[in-house]
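Reading the structure
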Amino acid sequence: MTDSKYFTTNKKGEIFELKAELNNEKKEKRKEAVKKVIAAMTVGKDVSSLFPDVVNCMQTDNLELKKLVYLYLMNYAKSHPLCTDCEDPNPLIRALAVRTMGCIRVDKITEYLCEPLRKCLKDEDPYVRKTAAVCVAKLHDINAQMVEDQGFLDSLRDLIADSNPMVVANAVAALSEISESHPNSNLLDLNPQNINKLLTALNECTEWGQIFILDCLSNYNPKDEREAQSICERVTPRLSHANSAVVLSAVKVLMKFLELLPKDSDYYITLLKKLSPPLVTLLSGEPEVQYVALRNINLIVQKRPEILKQEIKVFFVKYNDPIYVKLEKLDIMIRLASQANIAQVLAELKEYATEVDVDFVRKAVRAIGRCAIKVEQSAERCVSTLLDLIQTKVNYVVQEAIVVIRDIFRKYPNKYESIIATLCENLDSLDEPDARAAMIWIVGEYAERIDNADELLESFLEGFHDESTQVQLTLLTAIVKLFLKKPSETQELVQQVLSLATQDSDNPDLRDRGYIYWRLLSTDPVTAKEVVLSEKPLISEETDLIEPTLLDELICHIGSLASVYHKPPNAFVEGSHGIHRKHLPIQHGSSGPAAPVDQPQVIPSQGDLLGDLLNLDLGPPVNVPQVCSMQMGAVDLLGGGLDSLVSDPIIIMHPTLCGWKNIIYVLLSNSWSGPGLISVDFLLLLAVLNFCVLQVWLPAAKAKGLEISGTFSRRQGHMYMDMSFTNKALQHMTDFAIQFNKNSFGMIPTTPLAVHTPLMPNQSIDISLPLNTIGPVMKMDPLNNLQVAVKNNIDVFYFSCLIPLSIFFVEDGKMERQVFLATWKDIPNENELQYQIKECHLNADTVSGKLQNNNIYTIAKRNVEGQDMLYQSLKLTNGIWILAELRIQPGNPNYTVKNTLNEKVCPNLWPVLYNIIWMQLWMYYS
Amino acid sequence: MIGGLFIYNHKGEVLISRVYRDDIGRNAVDAFRVNVIHARQQVRSPVTNIARTSFFHVKRSNIWLAAVTKQNVNAAMVFEFLYKMCDVMTAYFGKISEENIKNNFVLIYELLDEILDFGYPQNSETGALKTFITQQGIKSQTKEEQSQITSQVTGQIGWRREGIKYRRNELFLDVLESVNLLMSPQGQVLSAHVSGRVVMKSYLSGMPECKFGMNDKIVIDKQGKGDATVSIAIDDCTFHQCVRLSKFDSERSISFIPPDGEYELMRYRTTKDIILPFRVIPLVREVGRTKLEVKVVIKSNFKPSLLAQKIEVRIPTPLNTSGVQVICMKGKAKYKASENAIVWKIKRMAGMKESQISAEIELLPTNDKKKWARPPISMNFEVPFAPSGLKVRYLKVFEPKLNYSDHDVIKWVRYIGRSGIYETRC
């Protein structure tokens with residue numbers, strides 16, 4: 001059957017008939033009718049008047065019918081009422097048409113809308129132009145490529161110079177949104193002339209337009225302080241706007257540009273003064289806006305506490321504030337608490353601790369503790385306030401108070417022990433794990449002063465297995481402490497807890513800690529004492545501060561959702577939007593040229609290298625991708641499994657790399673008596689730890705007292721340089737910065753070195769510096785050599801270290817089977833190298849599993865004459881593939897390494913492979 | 001930008017749903033209802049993130065307005081927009097209620113189409129909107145009228161249309177202040193501030209250029225004349241968008257072309273030298289475990305010739321109150337069990353006077369360990385002066401094109417001071 005019959009009917013009044021048929025109830029009839037329409041269209045008849053009727057037929061499951069309707073649509077889209085409306089004499093109708101046009105989200109149809117849109121972008125009426133500007137953003141959302149090809153982005157850029165302020169504002173808004181999905185393109189092209197146009201429009205456009213323009217301005221990097229100042233001068237009047245969003249966006253611009261102004265200039269000081277009143281005024285707005293403002297103020301007071309330090313009173317909580325406002329105000333109060341206002345703050349906090357809302361009360365109690373830690377002079381008063389609160393016997397108040405008192409003890413050891421008796425009275429009422437753990441810690445820590453410490457701890461032991469892990473771990477440690485302090489009376493107790501922890505528990509953390517203690521106590525009690533009862537570092541108030549790089553990024557997002565959530569946009573925005581990370585501008589020439597080199601022995605002297613290193617450019621690294629905002633330290637390697645162990649202040653002297661190193665030394669020096677007791681989990685733990693044993697890279701003697709030791713690691717797809725800086729000099733050190741020389745892999749730090757507090761004598765700090773490989777490349781010898789310059793307020797120091805190649809093995813190093821086969825054959829023989837690994841007793845599966853953990857993937861496996869052959873691939877960050885064949889004979893596996901591109905990599909690969917396999921071997925032998 | 005906007009009634013039924021962006025699905029409507037409106041707990045934040053979608057909400061009586069987005073939008077802007085949306089709706093059809101919204105839903109969709117384009121807020125001044133969103137279809141305007149509308153909507157002076165004529169040029173200025181206080185039981189001022197608004201009703205012809213002056217300390221000190229003691233220090237002020245902010249920043253002069261009708265010219269805040277119209281002196285004594293004795297004295301602290309009105313003192317009582325006996329010298333006092341408070345009302349009170357209430361509160365014995373939180377005693381009142389001390393010095397009107405001068409304009413000024421949160425702890 002053919003469809004040709006549709007072409008033959010040709011009567012009068014056809015259109016009328018078709019119209020009736022198109023609206024027929026029967027589906028079949030309608031389909032027939034559409035076919036007739038298409039036929040008529042094809043022969044050149046004008047059936048455009050049937051547009052609405054045909055479109056009606058789109059509502060169908062019938063694919064054939066649908067396709068026909070689309071065919072019709074494409075043909076007649078030009079004469080679609082929308083397109084004709086774009087020519088209407090009434091500008092309101094033209095604008096309406098262009099606005100609706102962008103909402104038709106059908107790819108093929110949008111093509112026909114390009115022409116009308118182009119006309120509307122150049123329309124004589126500003127109302128049409130401002131609507132057309134937004135329409136470009138809509139089209140871009142549907143079909144980005146088309147918008148670029150059609151040159152709409154250029155038209156949009158032209159609109160920035162439009163005479164009408166609202167057109168400018170909408171063009172800016174559209175461009176800003178489009179440029180978010182193209183982070184690298186310089187779409188907005190912010191140059192001084194354009195900035196000037198924006199600033200002019202700022203004075204004239206609607207409140208919303210002002211927000212778009214200010215948000216856009218905040219992305220601009222002024223070339224010098226003069227320009228920054230002149231922009232600030234023109235933005236400050238916005239601080240008096242009634243719209244709080246205008247005010248916050250203006251604050252964002254000013255906070256960013258403040259970075260560029262010299263700190264001693266008069267203007268800088270005036271500007272800081274001008275920022276405070278508008279921020280306070282925001283708090284008299286509606287509660288929702290207050291909430292947004294408070295979340296932002298929280299960031300601002302962390303970045304620049306001087307702005308609001310006089311204004312603490314406005315953050316006092318009002319009785320009928322909504323709870324979300326109350327909680328935020330409380331947070332800011334603590335940040336602003338200082339010796340000058342502590343009396344007032346404490347009086348307020350005490351008041352809040354009697355309120356109704358449980359969360360709020362708890363936070364108020366916690367706040368009292370934080371005040372004690374922050375303002376030393378107030379500690380005594382805080383402690384007595386807390387004691388008063390404990391006397392109220394309100395259960396959750398008591399528990400919260402005990403948790404904060406633990407922290408106060410850690411900050412001021414041996415000062416407030418007199419209150420322990422009062423605390424002990426409340427032992428029975430504690431039912432939350434946090435509070436129980438805190439109490440147990442206190443008892444263990446001060447066991448020698450509590451007469452019945454053993455009884456108290458024993459009482460907890462009864463329900464040991466019902467306790468949470470946190471309480472179990474703390475209890476274990478507390479009893480060990482007690483034992484070390486009063487060995488004679490508590491031997492039974494310690495044995496009881498050790499057997500509970502090691503034999504009756506399924507929890508590997510608990511078991512392993514139990515074994516560690518057991519071994520420590522049985523082999524060398526003196527060392528045990530040194531480890532368990534070692535002096536703990538004091539805690540500081542900085543623990544609640546937002547990590548500085550994140551804070552800087554959030555400052556760039558003031559007013560936006562990111563600043564409300566205190567999270568970078570990519571944490572809550574899907575897709576390409578918001579991936580581009582923002583940075584505070586960096587003042588040029590702030591850190592002058594570094595001092596001359598006097599450490600030639602640390603680094604091989606190379607003419608151009610020194611020149612390169614001397615020119616310490618402390619600017620932000622170019623194009624920074626994802627930064628893992630996790631806490632530093634070796635802990636990450638274990639994916640959180642060890643967190644509870646590490647966060648506990650007792651077993652580890654310092655929950656960081658140094659601490660781990662000590663522990664390992666202690667453990668290793670007590671020779672292991674046999675594998676019997678050691679659980680596999682614990683071995684794994686040790687294996688991982690071994691990776692992060694630090695090497696001393698820069699001895700203190702060569703760097704005027706600064707000792708740097710470190711290691712490299714790869715975690716969750718990112719590379720890190722984990723370092724520990726120790727100040728062995730007599731003066732404090734500040735202004736740290738780091739730079740790498742060009743190297744074989746183009747490795748550079750992702751973020752500047754984040755050492756914000758001065759490093760005091762005999763202190764050490766652990767830094768986890770994220771790295772990436774987008775820097776300049778220069779071949780080094782050996783290939784994995786990295787030359788590093790570190791600067792501080794004293795001097796510049798140089799050292800070189802070897803990067804373990806395994807950190808360059810990327811996660812997507814698994815090659816397709818076919819590709820592997822083809823590549824393997826193509827590699828010339830001279831690129832092939834062979835190695836022998838001796839004394840390996842692993843089978844093929846174990847080996848391939850372990851290698852996969854290090855991003856070396858097994859592509860194929862076969863068995864040839866009783867030998868297992870493994871074919872493996874790995875990829876380096878610079879795109880070089882390395883293919884390998886591993887032949888395993890019992891007792892003598894033969895490892896053949898084939899390299900696809902660069903033979904020079906091979907000799908270096910060897911130690912890496914060796915290292916990984918040896919690691920596993922060692923584990924099984926020990 | 002804003003991806004969608006929903007309006008719900010108190011049950012969580014959707015009254016208005018307008019989606020601007022593809023990334024917002026229909027399920028977003030339900031997500032908000034389930035997670036926020038029907039949530040068991042009290043709302044803990046006006047911004048909620050559910051499955052990577054952020055919801056901003058405000059509530060007006062029992063109507064919920066929610067804006068939805070998946071992007072990192074300007075949060076302050078979204079809330080300001082929601083407030084503005086409420087203002088616009090109120091200006092069109094009065095109170096925001098379920099019935100009004102249902103009756104005007106076509107109008108609301110039309111408004112949403114105009115003031116939010118692809119999620120970008122556009123001109124939302126009711127003065128301008130009313131010229132072309134009329135619910136009567138776009139009238140067959142002349143070409144001049146059309147271009148006048150569009151230039152006004154997009155123009156520099158989006159808040160006023162040309163060609164306004166009044167037979168009598170008249171303007172009203174209201175200085176409305178709310179005075180906030182938190183006082184300790186001992187009478188120490190813990191915090192006090194005045195947040196004030198200058199509301200203007202203008203009925204002026206043409207495009208009048210106005211200049212507003214008040215006893216701002218900075219201006220008076222700069223001029224070097226006048227008595228510095230009558231000037232006040234303004235901590236901060238914000239202005240309606242008609243005020244030229246750059247001029248205020250450079251010269252501290254407030255000049256503008258006002259919208260027609262009523263609008264808020266400025267808001268300000270002061271914290272220094274505030275006249276506290278009343279002082280509350282509480283005395284609470286616990287007699288045993290089942291009785292409380294409360295005595296509260298209020299003192300008025302302003303010129304004897306002035307009268308304060310609508311005075312109300314609210315004395316909170318414990319939850320386990322079983323009976324209250326009240327004696328007051330003036331006004332009426334009642335114990336309201338449902339509000340857990342004694343409410344003492346006085347119609348009028350002159351300045352420099354004093355009044356007292358004493359009450360005996362009987363308590364039921366409870367075994368509740370938690371102590372009574374003793375909420376503060378709060379006060380409401382209205383006084384015919386500005387507690388901040390603000391005085392309007394002048395409001396000059398110039399209309400260069402029409403032939404009326406500043407002298408022909410009839411001007412009215414009124415001061416009203418009201419209590420904001422005026423609390424004394426006891």
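Residues numbered from 1 in each chain as written. Chains lettered and ligands numbered in written order. Predicted model: local features only at pLDDT ≥ 70, side-chain atom pairs only at ≥ 80, totals over all residues. Heavy atoms only, no water.

Turning our eyes to something else, we now look at the nonpolar core. The nonpolar side chains of a soluble globular protein tend to be buried with one another. Judged by nonpolar contacts, the single largest core of 245 residues is most densely connected at Leu117 and Phe409 of chain A together with Phe56 of chain B. Of all the elements, helix α2 (residues 75–93) of chain B adds the most residues to this core, at 14 residues. Apart from residues no more than four positions distant in its own chain, Leu117 of chain A is found in contact with Val98, Met101, Ala132, Cys135, Val136, Leu139 and Phe152 of chain A. Of all hydrophobic cores here, the second largest spans 45 residues; its members include Phe736, Ile738, Ala844 and Ile880 of chain A. (Core = buried A, V, L, I, M, F, W, Y, C linked by side-chain atoms within 4.5 Å. Buried < 20%, exposed > 50% of the residue type's maximum accessible area, 1.4 Å probe, protein only. Helix = DSSP H or I, 4+ residues; strand = E, 2+ residues; numbered from the N terminus. Contact = heavy atoms within 4.5 Å.)

Residues and elements named next belong to chain A. Tallied over the entire structure, the rule returns 60 salt bridges over all chains. Ionic pairing is found between Lys326 and Glu355, a salt bridge with its closest N-O pair at 3.2 Å. Of this pair, Lys326 sits in helix α19 (residues 323–336) while Glu355 sits in the loop between α20 (342–352) and α21 (358–374), and the two are 29 residues apart along the sequence. We note that Lys326, like Glu355, is buried. A salt bridge links Glu400 to Arg366, with the shortest nitrogen-to-oxygen separation between them at 3.0 Å. You can see Glu400 sitting in helix α23 (residues 395–411) and its partner Arg366 sitting in helix α21, a full 34 residues away along the chain. Residue classification places Glu400 among the buried positions, given a relative accessible area of 8%. Relative accessible area serves as the criterion here: at 35%, Arg366 is assigned to the partly exposed category. One network of salt bridges, with partners in common, ties together Glu259, Lys303, Arg304, Glu306 and Asp552. (Salt bridge = Lys/Arg side-chain N within 4 Å of Asp/Glu carboxyl O.)

Here we take up the interface of chain A and chain B. Facing 84 residues of chain A, the contacting portion of chain B comprises 79 residues. Summed over both sides, the interface between chain A and chain B buries roughly 7100 Å², with carbon and sulfur atoms accounting for 54% of that surface. Our enumeration of links across chain A and chain B arrives at 10 salt bridges. Where Arg425 of chain B meets Glu351 of chain A, a salt bridge forms, and the shortest distance between an N and an O atom there is 3.7 Å. Of the residues contributing to the side of chain A that touches chain B, the split by class is 41 nonpolar, 20 polar and 23 charged. (Buried area = accessible area lost by both parts, 1.4 Å probe. Nonpolar A, V, L, I, M, F, W, Y, C, P; charged D, E, K, R; others polar.)

This part covers the sheet that holds strand β22 (residues 392–398) of chain B. Residue and element names in this part refer to chain B. Ordered by their spatial adjacency, 3 strands build an open sheet running β12-β10-β22, and the pairing between neighbours is antiparallel. Single-partner strands in this sheet number two, and they are β12 (254–256) and β22. For this sheet, the mean inter-axis angle between neighbouring strands, taken without regard to orientation, is 15°. Direction of pairing for strand β10 (residues 209–214) relative to β12: antiparallel, over a ladder of 3 bridges. By the bridge assignment for β12, Lys211 is matched with Ser255. (Pairing = 2+ DSSP bridges. Axes fitted to C-alpha atoms, helices over the stretch in contact; angles between N-to-C directions.)

For the rest of this paragraph, the subject is the packing of helix α12 (residues 165–180) of chain A against helix α14 (residues 207–217) of chain A. All names here are of chain A. Where α12 contacts α14, the two axes come as close as 8 Å, and the packing angle between them is 45°. In terms of orientation, α12 lies oblique with respect to α14. Two packed elements cross with a definite hand, and for α12 against α14 that hand is left-handed. Together, Ala169, Asn170, Val172, Ala173 and Ser176 of α12 and Gly209, Phe212, Ile213 and Cys216 of α14 make up the contact between the two elements. (Parallel < 35°, antiparallel > 145°, perpendicular 65-115°, else oblique. Left-handed = near helix turned anticlockwise from the far one by under 90°.)

On to a positive patch on the surface. All names here are of chain B. A surface patch of positive charge is lined by Lys332, Lys334, Lys345, Lys347 and Arg348. Among the secondary structure elements, those contributing two or more residues to the positive patch are β18 (332–336) and β19 (341–350). Positionally, Lys347 belongs in strand β19. (Patch = residues over 30% accessible without salt bridge, like charges linked within 9 Å, V, L, I, M, F, W, Y side chains within 5 Å. Areas by Shrake-Rupley, 256 points an atom, 1.4 Å probe, with all protein chains shown as cover. Lys, Arg positive; Asp, Glu negative; His and termini not counted. Charge placed at Lys NZ, Arg CZ, Asp CG, Glu CD.)

With that out of the way, let us pick up the packing of aromatic side chains. Scanning the entire structure with this criterion turns up 26 aromatic pairs over all chains. Between Phe172 of chain B and Tyr203 of chain B, the ring centres sit 6.2 Å apart and the planes meet at 80°, which makes this aromatic pair edge-to-face. Within this pair, whereas Phe172 of chain B is found in strand β8 (residues 170–183), its partner Tyr203 of chain B is found in strand β9 (residues 189–203), the two being separated by 31 residues in sequence. In this structure, Lys326 of chain A packs its charged tip against the face of Phe360 of chain A, placed 5.5 Å from the ring centre. For Lys201 of chain B, the ring lying beneath its charged end belongs to Phe172 of chain B, and the centroid distance is 5.9 Å. (Phe/Tyr/Trp six-rings, centres within 6.5 Å; stacked < 30°, edge-to-face > 60°. Lys NZ or Arg CZ within 6 Å of the ring centre and 35° of its normal.)

Now for the sheet that holds strand β5 (residues 748–749) of chain A. Residue and element names in this part refer to chain A. Strands sit in the order β1-β2-β3-β6-β5 across an open sheet of 5 strands; the sheet is antiparallel. Two strands lie at the open edges of the sheet, namely β1 (695–698) and β5, each paired on one side alone. Strand direction decides the pairing type here: β1 and strand β2 (residues 706–715), joined by 3 bridges, are antiparallel. Within the sheet, the bridge partner assigned to Gln695 lies in β2 and is Gly710.

As a further point, take the side chain of Arg129 of chain A. All names here are of chain A. Here Arg129 lies in helix α9 (residues 126–142). A polar atom in the side chain of Arg129 sits 2.8 Å from the backbone oxygen of Asp123. With sequence-adjacent residues up to four places away left out, Arg129 is seen in contact with Cys120, Leu121, Asp123, Glu124, Leu159, Asp162, Ser163, Asn164 and Val167. (Polar contact = N/O pair within 3.5 Å; in protein donor to acceptor, adjacent residues only side chain to side chain.)

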